[in-house]
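# Coordinates in review
Chain by chain, the residues:
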Amino acid sequence: TPAARRHLRRALTIDPDYEDAVFNLALLEFGAGDLAEARRLWVRYLELDGESEWARKAERGIRAVDMQTARDAGCGPPRASWWNPRAWSAPRCRC
């Protein structure tokens, strides 16, 4: 929601390294269709936390953004489900 995004952005102005806010804002941006911002935030999350289970979820989010971007460009698998690891074994785009 716009209010949640606004609050998370405010939290990040106070503490840019607040991992929870970075991850959750990435989720909201992904859901809102701002794939570039979601990807940027998940990459930032991995800079802050590269080892936890949440880091694995951020990596899956990045792959989902990449797959969706490829699909939107006319290549790649038909749909990306970022929580479904089986969706990521599809062949890469060779455009």
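Scroll up a little and you will see the structure.
Thresholds applied
- Residues numbered from 1 in each chain as written.
- Predicted model: local features only at pLDDT ≥ 70, side-chain atom pairs only at ≥ 80, totals over all residues.
- Heavy atoms only, no water.
- Helix = DSSP H or I, 4+ residues; strand = E, 2+ residues; numbered from the N terminus.
- Buried < 20%, exposed > 50% of the residue type's maximum accessible area, 1.4 Å probe, protein only.
- Core = buried A, V, L, I, M, F, W, Y, C linked by side-chain atoms within 4.5 Å.
- Contact = heavy atoms within 4.5 Å.

## A short note on the environment of Y18
With respect to the helices and strands, the residue Y18 is situated in the loop between α1 (2-14) and α2 (19-32). Judged by its relative accessible area of 40%, Y18 falls in the partly exposed class. With 27 residues separating them in the primary sequence, Y18 and Y45 have C-alpha atoms 9.0 Å apart.

## Comments concerning the nonpolar core
By size, the foremost hydrophobic cluster in this structure holds 19 residues, and its most contacted members are F30, W42, Y45 and V65. Secondary-structure elements contributing two or more residues to this core are α1, α2, α3 (35-48) and α4 (53-72). No other element matches the six residues that α2 contributes to this core. Other than its neighbours up to four places away in sequence, V65 contacts F30, L35, A38, R39 and W42.

Keep in mind these numbers describe shape, not what the thing actually does.
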